[in-house]
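Inside the fold
Each chain, written out:
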There are 2 protein chains.
Amino acid sequence: MAQKPSIPKGTRDFSPAEVAKRNYIFSTIKTNFEKFGFQPIETPSFENSETLMGKYGEEGDRLIFKILNSGDYFSTFNRALAVYFKVVFSRVIKEIYKDSDLNSVERFKEILTSKDFIDFIVEEVNKTKNEEYKIQDFYNDSLKKLLEDQIDFLKNSNLLNQLFEEKSNVVGEYDFDNNKKLQSLIDNLVENTLGKWLKNVDSKDLTKQISEKALRYDLTVPFARYVVQHQNEIEFPFKRYQIQPVWRADRPQKGRFREFYQCDADVVGSNSLWQEVELVQLYDSVFSQLGLGGVTIKINNRKILSGIAEVIGASDKLIDFTVALDKLDKIGEDGVKKEMLEKGISETAIEKVQPLFNFTGTINEKIEKLANLLANSEEGMKGVNELQFICDNVTTLGLQTAFLDLDVTLARGLNYYTGAIFEVAAPKGVAMGSIGGGGRYDDLTGIFGLKNMSGVGISFGLDRIALVMEEVGLFPEAVLATSKALFLNFGDKEALYAMKAIGKLRQKGIKVELYPDKSKIDKQFKHADRRGIPFAVIVGESEMEREEFGLKNLATGEQQKVDFATLVTLLQ
Amino acid sequence: MAQKPSIPKGTRDFSPAEVAKRNYIFSTIKTNFEKFGFQPIETPSFENSETLMGKYGEEGDRLIFKILNSGDYFSTFNRALAVYFKVVFSRVIKEIYKDSDLNSVERFKEILTSKDFIDFIVEEVNKTKNEEYKIQDFYNDSLKKLLEDQIDFLKNSNLLNQLFEEKSNVVGEYDFDNNKKLQSLIDNLVENTLGKWLKNVDSKDLTKQISEKALRYDLTVPFARYVVQHQNEIEFPFKRYQIQPVWRADRPQKGRFREFYQCDADVVGSNSLWQEVELVQLYDSVFSQLGLGGVTIKINNRKILSGIAEVIGASDKLIDFTVALDKLDKIGEDGVKKEMLEKGISETAIEKVQPLFNFTGTINEKIEKLANLLANSEEGMKGVNELQFICDNVTTLGLQTAFLDLDVTLARGLNYYTGAIFEVAAPKGVAMGSIGGGGRYDDLTGIFGLKNMSGVGISFGLDRIALVMEEVGLFPEAVLATSKALFLNFGDKEALYAMKAIGKLRQKGIKVELYPDKSKIDKQFKHADRRGIPFAVIVGESEMEREEFGLKNLATGEQQKVDFATLVTLLQ
């Protein structure tokens, strides 16, 4: 039965034309990365879950694609869980049976809540340590709660009566393990417990048990992991670039995909601000070479944002503040102030940062305004000085086509960036969000145990750059180059003659091909046309006799007979 | 708490040197693919599970990496299952209550096994069709069996007595849904059933419920899917290449990884044997350009193997036959015959294929032997003719450095190849399995509903090629090129001067970089040395005054003062 073929939502097939265009961008970025001294690394598509989980916030954790353990992953787990419940309940009931005073639910409760009993459970859990499946990893609060509930259930159920009844049948030593009736009662209890667990288990808890790997979510965390893991082989400062796909289980929408490429360049192991200067130049160099002149490289500094937070006296309102301020062009000063007040920023605070409402002029003028505003904030002044260094040197060295601008509302990556923050806006007139971004993070590798490794890097948004280039029409025609000529097929004898020429042309690096079948000539011409191949080469009997080639320009219709040397010249 | 960083077994990090070497191979393959008229496509890393499952045999299905559905995938499933059990059991018990004759276990059994009741279950299952979670997909044999078991359990349990008891309390119309006692009895039954399910469920059954996507296992099935999905946009014959990673949950071992690249070139939509001729040339062209002269391109044909199977009269013994024959060099004619007899191939059959035991000479001589041997097999003679065409034309056109050889023991891909079979062996003296392979499959896209699309293609084994090239020492030194020069950092003033020169050099495409920090000069020299950067550029105060640069060759120690123009010349 045939399946109607489709691909998962949020993913894409790329046709030859699309691949060619994307490769043109990749290759431009790559060439520039290398020109600036960055070297490529590659990391695996999936990482151990613990490498990724907890690094992107709760939302990030949810959006990471998890990979199922291979083999019979679930049987290992559910069998271990069943064994575990059985051990626990057997022990509970054994305790009850051993206790000669036990004749009330109260005494029963006493046993179940005793420290001894809890200690016992922990002990039993630890015993499973050496088994293949480590159930103790799963002995978390939700399981504890479940057991407590089941003990409640046991107290109120008919089962308890049956257990007592069974006990009263016995005289002397009780053969606990071989009493079929008793074991079946316990089995039922175990199954009921498993069922309750299944009814209520959270996917997040289960995932930990059945998945140990996850697809990479970005390139930064794998890079940090790489640096720590290979720290003894790496020569610092380490300038690395990485161009690989990442995966996010985001809701797909226009321009947002579940699989997409990131193109990152980072330096790790140096605090030098010359890196920031170079990264601005790198953006300029790439976009200039792509023909995308006039992008704006917006720069800000985390320390300036901290300074502003100090001035407005509310660091928890910083995002509200920048978001509101960013709307200045749209809703005007009054609108922004209204929004700030609504968000709980005081009138006094807003007055103090009044200069930000008239934040125009050259970068140097803006920096001066900031210096006045933040004069009393040590942190803020550090940011001003850093900004000054970067802007001065970028200005002195000059940019090819990009503009550098200071934007104090730029607050991306507020949670991890500690110094410079970058964002690139498409040229004016092109409606598109940011096409690149980055910044400095003082403790890139700390999460993996390597302290004091400052990192700074930038990223290129491939998909958006491609969209912009398509819109503006910046892809050179040569990018799409298919074969230069199609040799038509008039039969095996003629094809062999053609193949001799084709072999020699290919050795000269000229892309040519033979139409594989002896189809109608019209069909063959049409094939060349549809493929965008500019020339057709005709090799019939007469051409073979005269050692000639008929060369037809498919755009003009012009046709001529040429010898091989001329053919080479015309197709080169 | 710091984690000790590691990567999943069977995966690899690639350092800059490794990436450079691999890219050298990729780029050589890519250039040749394009020279031969192939165009690149790319497909998503994960496909819908139904696209991949069942295409690689049972072992393949097991080795496919499955991706967990995102969000609260399990809660949807287990809640639906609980609801489902509840519906079923409620109905069972309602039936019992409705039946005024019911006063024996026998009558109860009758109801449970009636056609009506089974029909009811199916109906209930279908009712859930429009719900978010499609439990009916899961209504398979194992679930049916479980329900039967539970009904058995119900019959024998105390629960049945309680249910009867509860009924006898009632006079007149029974308020089934609001009877707390009864509902709690049913809940217990549901939980017990869920528990039994959990204890026994197979991971394979569960996987279908919680995973809908899987990482691609090869490039051929996604390509087939691509061709069918985009058949209206594709101009046939379609020559595509694809260089992307694939993933297999194989047990990792030396040279076998869980993530690795495949490099495939295929033509789909033409039966022409010229394609086979070109693919042999393509292998020759790539390996020659890589400097890997002397590889052997082994060729065989599925139809010849069918012919041999006819002659030995046992098509089910074909693999045993070729495996044994392949050992001719190692264990001699007697050894091979002994093994064949052990495998159940008759002495008469072995006598008939005697020529294969002395299967030497040129390709043409070998083809002649085959023609005699297979004269009575129509299928076999088709194979002989195809082989003759390919070999004749390859020979006439000539190969650069590779050898073409006919190997009748070549039986790779026997399950899907229908015509030519290829395999490439590393040059003599290099111990390595095949470094490439391929063949023709007459019905590539049939599994996705597009019939009569013949495909033929070859694949390059990147990892093995890289190992061979490393062993033979074939990577050019230029592959590893880092920056050409490191500008030493004597302070911000000097660094700015250096950056001016660096900017101009980069614009000329020369890779240079600035040491970012004003560290001890020794440390900076050492950095250049460790990075393999051949030159250091010294810009101190005196150089700045004279507008000069100190250029030190780090290999020879030679140092000279040069002006900018000379610097460009020396670093170019």
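About the thresholds
- Residues numbered from 1 in each chain as written.
- Chains lettered and ligands numbered in written order.
- Predicted model: local features only at pLDDT ≥ 70, side-chain atom pairs only at ≥ 80, totals over all residues.
- Heavy atoms only, no water.
- Helix = DSSP H or I, 4+ residues; strand = E, 2+ residues; numbered from the N terminus.
- Buried < 20%, exposed > 50% of the residue type's maximum accessible area, 1.4 Å probe, protein only.
- Contact = heavy atoms within 4.5 Å.
- Least-squares fit on C-alpha atoms with pLDDT ≥ 70 in both.
- Buried area = accessible area lost by both parts, 1.4 Å probe.
- Salt bridge = Lys/Arg side-chain N within 4 Å of Asp/Glu carboxyl O.
- Polar contact = N/O pair within 3.5 Å; in protein donor to acceptor, adjacent residues only side chain to side chain.
- Nonpolar A, V, L, I, M, F, W, Y, C, P; charged D, E, K, R; others polar.
- Phe/Tyr/Trp six-rings, centres within 6.5 Å; stacked < 30°, edge-to-face > 60°.
- Lys NZ or Arg CZ within 6 Å of the ring centre and 35° of its normal.
- pLDDT = per-residue confidence, 0-100.
- Expected span 1.5 Å × (residues − 1).
- UniProt positions renumbered as here; feature names shortened; annotations may be inferred.
- Core = buried A, V, L, I, M, F, W, Y, C linked by side-chain atoms within 4.5 Å.
- Pairing = 2+ DSSP bridges.
- Axes fitted to C-alpha atoms, helices over the stretch in contact; angles between N-to-C directions.
- Left-handed = near helix turned anticlockwise from the far one by under 90°.

**Thoughts on the overall build of chain A**
- Of regular secondary structure, chain A possesses 23 helices and 16 strands.
- Within chain A, the proportion of its 572 residues that are buried is 57%.
- Summarising the internal contacts of chain A: among those between residues at least 6 apart in sequence, 70% fall at separations of at least 24.

**Overview of the relation of the copies chain B and chain A**
- Of the two same-sequence chains, chain B is brought onto chain A (RMSD 0.2 Å, axial shift 0.1 Å) by a rotation of 180°. Viewed as a symmetry operation, the transformation between the two copies matches a two-fold axis.
- A share of 100% of interface residues in chain B that are also interface residues in chain A marks the association as one of identical surfaces.

**Regarding the interface of chain B and chain A**
- Listed per partner, the contact involves 120 residues of chain B and 121 residues of chain A.
- Summing both sides of the interface, chain B and chain A together bury roughly 10,400 Å²; the carbon and sulfur share of this comes to 56%.
- Summed over the shared surface of chain B and chain A, the result is 12 salt bridges.
- A salt bridge links Lys511(A) to Glu34(B); the shortest N-O distance between them is 3.5 Å.
- Counting across the interface, chain B meets chain A through 32 residue pairs in polar contact (both at pLDDT 80 or more).
- It is helix H9 (residues 180–200) of chain B that provides the largest number of residues to the side of chain B that touches chain A, a total of 10 residues.
- Here the residues of the side of chain B that touches chain A sort into 48 nonpolar, 41 polar and 31 charged.

**Focus: the pattern of salt bridges**
- Taken as a whole and assessed by the stated rule, the structure comprises 52 salt bridges over all chains.
- One salt bridge connects Lys337(B) with Glu333(B), and the closest N-O pair in it is separated by 2.9 Å. Residue Lys337(B) and its partner Glu333(B) are both found in helix H15 (residues 328–342); the two are separated by four residues, about one turn of the helix.
- Residues participating in the shared-partner salt-bridge network are Lys239(A), Glu278(A), Arg506(B), Glu513(B) and Arg531(B).

**Here's the deal with the packing of aromatic side chains**
- Going through the model one piece at a time under the given rule, you end up with 36 aromatic pairs over all chains.
- An angle of 55° between the planes, with centres 6.2 Å apart, marks the rings of Phe549(B) and Phe564(B) as tilted. Taken together, the residues Phe549(B) in strand S15 (residues 549–553) and Phe564(B) in helix H23 (residues 564–571) connect sequence positions 15 residues apart.
- Every member of this aromatic cluster is reached through a ring pair, and the members are Phe33(A), Phe38(A), Tyr241(A), Tyr283(A), Phe287(A) and Phe460(A).
- The ring centre of Phe357(A) lies 5.0 Å from the NZ or CZ of Lys337(A), which sits over that ring.
- Above the plane of the ring of Phe564(A) lies Lys504(A), whose end atom (NZ or CZ) is 4.9 Å from the centre.

**A look at the side chain of Thr409(A)**
All names here are of chain A.
- Note on placement: Thr 409 falls in the loop between strand S8 (403–406) and strand S9 (420–425).
- Polar contacts involving the side chain of Thr 409 include one to the side chain of Asp 326, which spans 3.3 Å.
- Of the polar contacts made by the side chain of Thr 409, one reaches the side chain of Asp 407; its length is 2.6 Å.
- Not counting residues up to four positions away in its chain, the partners in contact with Thr 409 are Asn 300, Thr 322, Leu 325 and Asp 326.

**Describing the confidence of the model for chain A**
All names here are of chain A.
- Put simply, chain A has an average pLDDT of 87, and 84% of its residues get 70 or more.
- Throughout residues 128–136 the model reports pLDDT below 50, and contacts reaching past four residues in sequence, or to other chains, amount to 14 contacts.
- In the predicted complex, the global pTM is 0.89; the interface-specific ipTM is 0.89.

**Let's talk about helix H1 (residues 16–35) of chain A**
All names here are of chain A.
- Under the 1.5 Å per step criterion, the end-to-end length of H1 is 28 Å for 20 residues, consistent within 8% with the ideal 28 Å.
- All of the buried residues in H1 are Pro 16, Val 19, Ala 20, Lys 21, Arg 22, Ile 25, Phe 26, Thr 28, Ile 29, Asn 32, Phe 33 and Lys 35.
- Phi turns positive one or two residues past the end of H1, at Gly 37, with a value near 90°.

**Re the UniProt feature "domain: Aminoacyl-transfer RNA synthetases class-II family profile" (unreviewed entry) in chain A**
- As annotated by UniProt and renumbered to match this structure, "domain: Aminoacyl-transfer RNA synthetases class-II family profile" (unreviewed entry) occupies residues 237–516 of chain A.
- Here residues 237–516 of chain A runs as 41% helix and 20% strand, with 54 Å between its end C-alpha atoms.

**Side note on the nonpolar core**
- In this structure, Phe487(A), Phe287(B), Leu356(B), Leu370(B) and Phe460(B) are the most contacted members of the largest nonpolar core, which totals 95 residues.
- With sequence-adjacent residues up to four places away left out, Phe287(B) is seen in contact with Leu292(B), Gly293(B), Val295(B), Val424(B), Ile435(B), Phe460(B) and Ile465(B).
- Core analysis: the next-biggest nonpolar cluster, separate from the first, contains 94 residues, Trp274(A), Phe359(A), Val394(A) and Phe535(B) among them.

**Focus on the pairing of strand S11 (residues 455–460) of chain A**
All names here are of chain A.
- In terms of burial, S11 is a largely internal element, five of the six residues being buried.
- Strand direction decides the pairing type here: strand S6 (residues 259–268) and S11, joined by six bridges, are antiparallel. When the sheet's bridge partners are listed, Val 268 is paired in S11 with Gly 455.
- With six bridges joining them, strand S10 (residues 434–441) and S11 adopt antiparallel strand pairing. When the sheet's bridge partners are listed, Tyr 441 is paired in S11 with Gly 455.

**Topic: the sheet that holds S15(B)**
Residues and elements named next belong to chain B.
- Taken together, the five strands give an open sheet; going across it, the order is S13-S12-S14-S15-S16, and neighbouring strands pair in mixed fashion. Strand pairing shows two members of the sheet lacking a second neighbour, strand S13 (512–514) and strand S16 (559–562), which therefore form its edges. Neighbour-to-neighbour, the strand axes of the sheet open up by a mean angle of 25°, direction not taken into account.
- Taken together, the three bridges between strand S12 (residues 485–487) and strand S14 (residues 535–538) define a ladder with parallel strand orientation. Note that in S14 the partner of Leu 486 across the bridge is Ala 536.
- Across the sheet, helix H21 (residues 521–531) is in contact with S12, S13, S14 and S15; its angle to S12 comes to roughly 160°.

**Some thoughts on the environment of Lys35(B)**
- Its place among the elements puts Lys35(B) in helix H1 (residues 16–35).
- What makes Lys35(B) buried here is its relative accessible area of 10%.
- Sequence separation between Lys35(B) and Ser285(B) is 250 residues, and the spatial gap between their C-alpha atoms is 9.9 Å.
- Aside from chain neighbours lying at most four places away, what touches Lys35(B) is Arg506(A), Gly509(A), Ile510(A), Lys511(A), Val512(A), Ser285(B) and Gln289(B).

**Topic: the sheet that holds strand S5 (residues 238–247) of chain B**
Residue and element names in this part refer to chain B.
- Pairing is mixed in the open sheet, where eight strands are placed in the order S1-S5-S6-S11-S10-S9-S7-S8. Only two strands of the sheet have a single neighbouring strand rather than two, namely strand S1 (39–40) and strand S8 (403–406).
- Where strand S7 (residues 296–301) lies against strand S9 (residues 420–425), six bridges are found, and the strand directions are antiparallel. Paired with Asn 301 across the bridge in S9 is Ala 420.

**Points about helix H11 (residues 220–229) of chain B**
- Counting buried positions over the 10 residues of H11(B) gives eight, a clear majority of the element.
- The set of residues buried in H11(B) consists of Val221(B), Pro222(B), Phe223(B), Ala224(B), Arg225(B), Tyr226(B), Val227(B) and Val228(B).
- Summarising the contacts, the buried residues of H11(B) are in contact with H1 of chain A together with strand S2 (46–48), helix H2 (49–52), S5 and strand S6 (259–268) of chain B.

**Considering unusual backbone geometry**
- With omega at -10°, the peptide bond leading from Phe236(A) into Pro237(A) counts as cis.
- Take Pro237(A): it is sitting in the loop between helix H11 (220–229) and strand S5 (238–247).
- Here Asn452(B), not a glycine, exhibits a phi torsion of approximately 60°, which is positive.
- Mapped onto the fold, Asn452(B) is located in the loop between strand S10 (434–441) and strand S11 (455–460).
- Among the residues examined, Asn452(B) registers a relative accessible area of 74% and is labelled exposed.

**Regarding the packing of H1(A) against helix H12 (residues 274–289) of chain A**
Residue and element names in this part refer to chain A.
- Running from N to C, H1 and H12 cross one another at 145°; their axes reach a closest spacing of 10 Å. In the crossing of H1 with H12, the sense of the turn from one axis to the other is right-handed. On H12, the residues touching Tyr 24, Thr 28, Ile 29, Asn 32, Phe 33 and Lys 35 of H1 are Leu 282, Ser 285, Val 286 and Gln 289.
- Partitioning the contact of H1 with H12 into residue classes produces five nonpolar, four polar and one charged.

**Brief notes about the environment of Pro40(A)**
- The residue Pro40(A) is located in strand S1 (residues 39–40) in this model.
- For Pro40(A), a relative accessible area of 11% puts it in the buried group.
- With sequence-adjacent residues up to four places away left out, Pro40(A) is seen in contact with Glu34(A), Tyr241(A), Ser15(B), Pro16(B) and Val19(B).

**Comments concerning the pairing of S9(A)**
Residue and element names in this part refer to chain A.
- Among the six residues that make up S9, five are buried, leaving the element largely enclosed by the rest of the structure.
- Pairing of S9 with S10, which is carried by five bridges, proceeds in the antiparallel orientation. Its bridge partner lying in S10, Glu 423 is registered against Gly 437.

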